[in-house]
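Remarks on the overall topology
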Amino acid sequence: MSKLVTIFGGSGFVGRYVARRLAKEGWRVRVAVRNTNEAMFVRPYGIVGQVEPVFCNIRDDASVAAVTEGADAVVNCVGVLDERGKNTFAAVQAEGAERIARIAASLGVGRMVHVSAIGADAAAASQYAKTKATGEDEVKAHMPDAVILRPSIVFGPEDQFFNRFASMSRFGPILPVVGANTRFQPVYVDDVAAAAVKGVLGQAAPGIYELGGPDVHSFRELMQMMLQIVHRRRLILNIPFWAARVMAFGFGIVRVLSLGIIKPPITKDQVLNLAVDNVVADDARGFDALGITPTAMEAILPDYLWRFRPSGQFDAIKDSAKNLKA
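Quick look at the structure, then. (Residues numbered from 1 in each chain as written. Predicted model: local features only at pLDDT ≥ 70, side-chain atom pairs only at ≥ 80, totals over all residues. Heavy atoms only, no water.)

**Here we look at the nonpolar core**
Counting residues in each nonpolar core, the largest one holds 73 residues, and the members touching the most others are F162, M223, M226 and L305. When residues no more than four places from it in sequence are discounted, the contact partners of M223 are F161, F162, F165, L175, V177 and I236. Grouped together as the second largest cluster of nonpolar side chains are 24 residues, V78, I100, A101 and V109 included. (Core = buried A, V, L, I, M, F, W, Y, C linked by side-chain atoms within 4.5 Å. Buried < 20%, exposed > 50% of the residue type's maximum accessible area, 1.4 Å probe, protein only. Contact = heavy atoms within 4.5 Å.)

And the structure:
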């Protein structure tokens, strides 16, 4: 019988790519999610019955145990960029990771891959980075042979980074950013998935891997690249960190007063994160150790950012038409 993997957050941005790759490897895939109805799109990744969404609440032991039972491997792709209700950084990224690793160990699961993030640090200023570090420590305590992946900013068709700012560029002549000089090393989502699959298949040594693409750019440079692709000219306005903190505080009040209905464009914790470079450490193991060649942004971004051009898919045609003689 084919081996079984449970992917927590398997319908999310990174998780869906891991699910697709493992289905192609012949594994049976449980996609553990909070809302199975919104995860039905993963079923065609394999043959009938090979990939199945299943309900799971990672804040509950019994729920995690139910979807882990019988699995040969588990992959944890669950994380949050913004706290909402009971899904706090601590509940999801620290306690949730601990719960998955502890229960996987108790049920005799052979392998675990945990997706963390570059910048995970117990001494960090942001709760996001702190809880990522706590989650890693808990995973190593219960599953010492786990493979832990720390990607930089992840890009791909469903990303919340380039898509967000490309959408913003459609409105007005100014594109505001916080931390224009902060450096990033964007990594393609399917390359992260390939690394996760290496861990599941036992083709990666246990430990931490920091994953970044082939190029390092400042936030400003990334926005300039994005604007070139979407054929728009905008003034990139760097918002000082002190001003961003004031803005985040105000947005936080609005969120409370609206009972969480109005989502803030930026939070205090995100401002703290943006003050720290997000690049692979010089002494870290990375894609080289996994035998993976990372994909350049230039090869992928135009494939999904074209829809933000002034004329969408017809933008290039309109440009060429200008050269026609009447």
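Don't stop here, the text continues.
**Remarks on a nonpolar patch on the surface**
Taken together, the side chains of V254, L259, I261 and I262 present a nonpolar region at the surface, about 440 Å² in accessible area. The residue L259 is located in the loop between α8 (241-257) and α9 (268-274) in this model. For L259, a relative accessible area of 76% gives the class exposed. (Patch = residues over 30% accessible without salt bridge, like charges linked within 9 Å, V, L, I, M, F, W, Y side chains within 5 Å. Areas by Shrake-Rupley, 256 points an atom, 1.4 Å probe, with all protein chains shown as cover. Salt bridge = Lys/Arg side-chain N within 4 Å of Asp/Glu carboxyl O. Helix = DSSP H or I, 4+ residues; strand = E, 2+ residues; numbered from the N terminus.)

**Some remarks on the packing of helix α1 (residues 15-24) against helix α6 (residues 189-200)**
Relative to each other, α1 and α6 sit at 55°, their axes nearing to 8 Å. Judged by the inter-axis angle, α1 sits oblique to α6. Between α1 and α6 lies a crossing of right-handed hand. On α6, the residues touching Y17, V18, R21 and L22 of α1 are V189, D190, A193, A194, A196, V197 and V200. For the contact of α1 with α6, a count of residues per class yields nine nonpolar, no polar and two charged. (Axes fitted to C-alpha atoms, helices over the stretch in contact; angles between N-to-C directions. Parallel < 35°, antiparallel > 145°, perpendicular 65-115°, else oblique. Left-handed = near helix turned anticlockwise from the far one by under 90°. Nonpolar A, V, L, I, M, F, W, Y, C, P; charged D, E, K, R; others polar.)

**As for the environment of Y17**
Looking at where Y17 falls in the secondary structure, it is placed in helix α1. Owing to a relative accessible area of 7%, Y17 belongs among the buried residues under this scheme. Sequence-wise, Y17 and K263 are 246 residues apart; in three dimensions their C-alpha atoms are separated by 27 Å. Setting aside residues up to four positions removed in sequence, Y17 forms contacts with P157, E158, V189, D190 and A193.

**Digging into the sheet that holds strand β6 (residues 147-151)**
The strand order β3-β2-β1-β4-β5-β6-β11 describes an open sheet built from seven strands, whose pairing is parallel. Of all the strands in the sheet, just β3 (51-55) and β11 (207-211) have a single pairing partner and so form its edges. Mean inter-strand twist for the sheet, computed between neighbouring axes without regard to direction, equals 20°. Where strand β5 (residues 111-115) lies against β6, three bridges are found, and the strand directions are parallel. Among the inter-strand pairings, V115 is bridged to a residue of β6, identified as L149. Here α1 sits on the sheet and contacts β1 (4-8), β2 (28-33), β3 and β4 (73-76); the angle it forms with β1, its principal contact strand, is near 170°. (Pairing = 2+ DSSP bridges.)

**Some details on helix α2 (residues 61-68)**
For α2, the set of buried residues is S63, V64, V67 and T68. Looking down the long axis of α2, one finds its buried residues gathered within 125° of arc, a one-sided arrangement. Set apart from the buried face of α2 by more than 90 degrees, the exposed residues are A62 and A66. Elements that come into contact with the buried residues of α2 comprise β1, β2, β3, β4 and α3 (89-106). (Arc of directions from axis to C-beta.)

**Quick look at the pattern of salt bridges**
Under the defined criterion, the tally for this structure stands at 11 salt bridges. Of the charged contacts in the structure, one is a salt bridge between D190 and R21, with a shortest N-O distance of 3.0 Å. Here D190 is found in helix α6, whereas its partner R21 is found in helix α1, with 169 residues between them in sequence. Residue R21 is classed as partly exposed on the basis of its relative accessible area of 31%. Among the salt bridges present, the one from D82 reaches R255, with a minimum N-O distance of 2.9 Å. Taken together, the positions of D82 in the loop between β4 and α3 and R255 in helix α8 put the pair 173 residues apart, joining distant regions of the chain. What makes D82 buried here is its relative accessible area of 16%. Overall, the relative accessible area of 14% leaves R255 in the buried class. Look at the salt bridges and you will find they share partners, linking D61, E98, R99 and R102 into a network.

**What about the packing of α3 against helix α4 (residues 127-142)?**
As a packed pair, α3 and α4 sit with axes 8 Å apart at the nearest point and diverge in direction by 10°. Here α3 lies roughly parallel to α4, going by the angle between them. Across from F89, A90, Q93, A94, A97, E98, A101, R102 and A105 in α3, the residues of α4 making contact are Q127, Y128, T131, K132, T134, G135, E138, V139 and H142. Residues belonging to the contact of α3 with α4 are distributed by class as follows: eight nonpolar, six polar and four charged.

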